[in-house]
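Coordinate analysis (summary)
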Number of protein chains: 2
Amino acid sequence: MDEFELIDRYFARVGAARGDVVLGVGDDAALLRVPEGHELVACTDTLVDGRHFPRGTRGDDVGWRALAVNLSDIAAMGATPAWATLALTLPSVDEEWLEGFVSGFSQLALAHQVALVGGDTTKGPLTVSVQLLGYVPSGTALRRHGARVGDLVYVTGWPGDAAAGLALLEGRLAGQGASRGALEGKFRRPEPRVAFGARLRGVASACIDVSDGLAADLGRLAAASGVGAIIRAAELPLSRALFALAGEARAREFALGGGDDYELLFTVPPSARAALAAATGAAGAPACHCIGEIVAGRAVRVLGERGELPVPRGWDHFAT
Amino acid sequence: MDEFELIDRYFARVGAARGDVVLGVGDDAALLRVPEGHELVACTDTLVDGRHFPRGTRGDDVGWRALAVNLSDIAAMGATPAWATLALTLPSVDEEWLEGFVSGFSQLALAHQVALVGGDTTKGPLTVSVQLLGYVPSGTALRRHGARVGDLVYVTGWPGDAAAGLALLEGRLAGQGASRGALEGKFRRPEPRVAFGARLRGVASACIDVSDGLAADLGRLAAASGVGAIIRAAELPLSRALFALAGEARAREFALGGGDDYELLFTVPPSARAALAAATGAAGAPACHCIGEIVAGRAVRVLGERGELPVPRGWDHFAT
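The rules behind the values
Residues numbered from 1 in each chain as written. Chains lettered and ligands numbered in written order. Predicted model: local features only at pLDDT ≥ 70, side-chain atom pairs only at ≥ 80, totals over all residues. Helix = DSSP H or I, 4+ residues; strand = E, 2+ residues; numbered from the N terminus. Buried ≥ 20, exposed ≤ 12 C-beta atoms within 10 Å, placed from the backbone. Contact = placed C-beta atoms within 7 Å. Nonpolar A, V, L, I, M, F, W, Y, C, P; charged D, E, K, R; others polar. Domains from an automatic or database assignment. Expected span 1.5 Å × (residues − 1). Least-squares fit on C-alpha atoms with pLDDT ≥ 70 in both. Pairing = 2+ DSSP bridges. Axes fitted to C-alpha atoms, helices over the stretch in contact; angles between N-to-C directions. Parallel < 35°, antiparallel > 145°, perpendicular 65-115°, else oblique. Left-handed = near helix turned anticlockwise from the far one by under 90°. Core = buried A, V, L, I, M, F, W, Y, C linked by C-beta atoms within 7 Å. pLDDT = per-residue confidence, 0-100.

Along chain A, the regular secondary structure elements total 9 helices and 13 strands. The C-alpha extent of chain A, read off along each of the three principal axes, is 65 × 50 × 35 Å. Looking at chain A as a whole, 56% of its 320 residues are labelled buried. When contacts within chain A are restricted to residue pairs at least 6 apart in sequence, those whose partners lie at least 24 apart make up 86%.

Right, dumping it as structure tokens:
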């Protein structure tokens, strides 16, 4: 089977069918219609075998993850995802793995009405790059740089769960039963906050998705905005499963520094609290907690009950 | 140096500055303005070390190539390139190689007014995926599927030169002097036919870029159009350098099956020959030769002076 048969077989009909796809997989490029009055939103994220997921991860989990990490970037802009291209490098054609990959990718693509419109399949060490395109009403996208002193800092969901799930998979954390299953599930199948990101337009002053660790990503948001931030350790949302398996101190470490959460971290001016309440009260909205505030300066500090706690540095993609 | 410093240092200001980039590198996604009345054009191509270029290739040649192969896809649609995202996987941070990479990428990006608007840098085996975005007036894009029986088949430039250049670099072909330099240069620095592709809108009935070999890519165009094609071997343009180093028979093999040309292969109805003459007569237009015609059936056949010649199958990305 050559590359082209492979692409035809697996990728010609992946994800949603969309009326704004003039031409999809199978030509030199795709032709797409961006709605009038909207800006195009473009991002890309790569997964490397053994680095962004454990070696031996099932194809369906890799397919889901490759799209999820990009959907999370689109969510952090408050945008609507629409079209994806896929650059898939494979050591060999393993049909069972490929079918799993397509199934996991498609499942999430259908949930978010994303069409796969192009791709390139090459031979080499397992690497998956997805480029995701979407759109947002002109001038309304969320950015990292709008936080002001006095804004409140919020995070969706239960940060640290996914990092603890990975630690369980890699044997760095022990535990069994429902808690283990819940945490591993959070790592294996991150749920990007796409609908909620769109609801934050006009509410949040700045937004970023948590991929490298809550403290490190808050540091990026603060740096882009030219401000500092305080996280109150006591306000960090810790899931019951994380608390049960890791204990409070280690659970906080996972929550602050773990990465792989794909939650939204955002700031809200005090005047927009009512608007935020409306957004979080909408059907299907994720849990959302105020964990601190924006302050003058440049640093991110974590305040515990007995003083300042060390700030995890976040995941360095080039550390060995 | 962590990933983010690396991105900031090398990628924040790569390529052209464009007024339609609302937000570029440095947030979760880029924000871009597609002109009204246009369709968005999106493609992606991946280069794997040792597979799409020889191991040890200089960074500047890899950077140029990564953009060139994508520009060639945009050219084959008759579209205008605008914005790129880059997914770069590196085994380590080699600043000299990276500086070369950025320099080669930028040189070509500036020549075609492409802005780098986002990217993801990860650690792993050297792999480069570029996603290129552009636009085309709605309804005017060139596609693969419009060829009709009786249309003439044309190719730009001198197919086979790049494949012979690679053969020289890999020691599969011998030769020295200016011819060697010319052929190696055609492999190292392909010149995508972007301006000429745009001139083919309204002229060509179908178009594809030659990346896997002229005969194989003509086969794809023919299959998409539901037709067959004849290539007249005597009409194949063979460069003086290729002829000098490879001799006629092997030169034809390179031209028909070699790949890596990034020339445009297109069909023109006999009624559009005057329009084609206007396009090829424009300043800066590449050489352009009629090499055959579209016929009924499904096959691509190569006709020599003494009958039919074998048709090279094209490069299989998964062959070992």
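Chain A puts 53 residues into the contact, and the matching count from chain B is 53 residues. For the side of chain A that touches chain B, the secondary-structure elements that each account for two or more residues are β1 (21-23), β2 (30-32), β3 (38-48), α2 (59-76), β4 (80-90), β5 (115-123), β6 (127-137) and β8 (206-210) of chain A. Considering every element that reaches the side of chain A that touches chain B, the biggest residue donor is β3(A), with 9 residues. Counted by class, the side of chain A that touches chain B contains 24 nonpolar, 13 polar and 16 charged residues.

All names here are of chain A. Annotation of chain A at the domain level lists domain 1 (3-137) and domain 2 (152-309). On a C-alpha basis, the centres of domain 1 and domain 2 stand 26 Å from each other. When residues in the side of domain 1 that touches domain 2 are grouped by element, the largest group, 11 residues, is from α2. Taken together, the residues of the side of domain 1 that touches domain 2 sort by class into 9 nonpolar, 4 polar and 3 charged.

We now examine helix α2 (residues 59-76) of chain B. Residues and elements named next belong to chain B. If you check α2, its first and last C-alpha atoms are 26 Å apart, about what 18 residues at 1.5 Å a residue would give, namely 26 Å. Across the 18 residues of α2, 16 count as buried, placing the element largely inside the fold. Where α2 terminates, the next one or two residues include Gly-78, which has phi positive at roughly 70°.

A few words on the relation of the copies chain A and chain B. Note on the identical chains: chain A maps onto chain B by a rotation of 180° and an axial translation of 0.0 Å, with an RMSD of 0.0 Å. Those values place the two copies in the arrangement expected of a two-fold rotation axis. Of the residues that chain A buries at the interface, 100% are likewise interface residues in chain B, meaning the two copies contact each other through the same surface.

In this section: the sheet that holds strand β10 (residues 263-268) of chain B. All names here are of chain B. Here we have 7 strands laid out as an open sheet, ordered β8-β10-β7-β11-β9-β12-β13, and mixed in their pairing. Pairing within the sheet leaves two strands with one partner each, and these edge strands are β8 (206-210) and β13 (307-309). With direction set aside, neighbouring strand axes in the sheet form an average angle of 30°. As paired strands, strand β9 (residues 228-232) and strand β11 (residues 288-295) are joined by 4 bridges and run antiparallel to one another. If you follow Ile-231 over to β11, its bridge partner there is Gly-292. Contacting β8 and β10, α2 crosses the sheet at an angle of about 170° to β8.

All names here are of chain B. Put simply, α2 and helix α3 (residues 95-111) touch, their axes get as near as 6 Å, and they point 40° apart. Comparing their axes, α3 and α2 come out oblique. As α2 runs across α3, the sense of the crossing is right-handed. Where α2 abuts α3, its residues Gly-59, Asp-60, Asp-61, Val-62, Gly-63, Trp-64, Ala-66, Leu-67 and Ala-68 lie against Trp-97, Leu-98, Gly-100, Phe-101, Val-102, Ser-103, Gly-104, Phe-105, Gln-107, Leu-108 and Ala-109. Across the contact of α2 with α3, the residue classes break down as 12 nonpolar, 6 polar and 2 charged.

All names here are of chain A. Although it is not a glycine, Gln-113 sits at a positive phi angle of roughly 55°. Looking at the secondary structure, you find Gln-113 in the loop between α3 (95-111) and β5. Phi is positive for Tyr-262, which is not a glycine, with a value near 55°. Relative to the helices and strands, Tyr-262 is located in the loop between α8 (240-257) and β10 (263-268).

So, about the environment of A:Ala178. Residue and element names in this part refer to chain A. Looking at the secondary structure, you find Ala-178 in helix α5 (residues 177-188). Residue Ala-178 is classed as exposed on the basis of its C-beta count, with 11 C-beta atoms lying within 10 Å. The spacing of Ala-178 and Ala-241 is 63 residues in sequence and 7.9 Å in space, taken between C-alpha atoms.

Residue and element names in this part refer to chain A. At a minimum axis distance of 9 Å, the contact between α5 and α8 shows a crossing angle of 115°. Between α5 and α8, the angle is such that the two are roughly perpendicular. At the point where α5 passes α8, the crossing takes the left-handed sense. Between α5 and α8, the contacting residues are Ser-179, Arg-180, Ala-182 and Leu-183 on the first element and Ala-241, Leu-242, Ala-244 and Leu-245 on the second. A class-by-class count of the residues in the contact of α5 with α8 yields 6 nonpolar, 1 polar and 1 charged.

Right, let's talk about the nonpolar core for a bit. Within the largest apolar cluster, 209 residues are counted, with the highest numbers of intra-cluster contacts made by A:Val41, A:Ala42, A:Leu67, B:Val41, B:Ala42 and B:Leu67. Not counting residues within four places of it along the chain, the set of residues in contact with A:Val41 comprises A:Ile74, A:Met77, A:Ala79, A:Leu133, A:Gly134, A:Tyr135, A:Val136, A:Ala141, B:Ala29 and B:Leu31.

The next thing to look at is the sheet that holds β1(A). Taken in spatial order, the 6 strands line up as β1(A)-β2(A)-β3(B)-β6(B)-β4(B)-β5(B) in an open sheet, and their pairing is mixed. Each having just a single partner strand, β1 of chain A together with β5 (115-123) of chain B make up the two edges of the open sheet. Along the sheet, successive strands turn relative to each other by an average axial angle of 20°, direction set aside. Here 9 bridges tie strand β4 (residues 80-90) of chain B to strand β6 (residues 127-137) of chain B, and the two strands are oriented antiparallel to one another.

All names here are of chain A. Among the 11 residues in β4, 11 count as buried, and that is most of the element. The sheet contact formed by β4 and β5 spans 8 bridges and is parallel. Within β5, the position partnered with Ala-87 by the bridge is Asp-120.

What follows covers the pairing of β11(B). As paired elements, strand β7 (residues 152-156) of chain B and β11(B) share 5 bridges and run antiparallel to each other. Bridging across to β11(B), B:Leu152 finds its partner in B:Glu293.

Quick look at the confidence of the model for chain A now. Confidence along chain A averages 93 in pLDDT terms, with 96% of residues attaining 70 or more. Two summary scores accompany this predicted model of the complex, namely pTM at 0.93 and ipTM at 0.92.

The next point concerns the environment of A:Phe243. All names here are of chain A. Mapping Phe-243 onto the fold places it in helix α8. Take Phe-243: there are 16 C-beta atoms within 10 Å of it, and that puts it in the partly exposed class. As for Phe-243 and Ser-179, which are separated by 64 residues in sequence, their C-alpha atoms are 9.3 Å apart. Apart from residues lying up to four places away in sequence, Phe-243 is in contact with Leu-238, Glu-248 and Ala-251.

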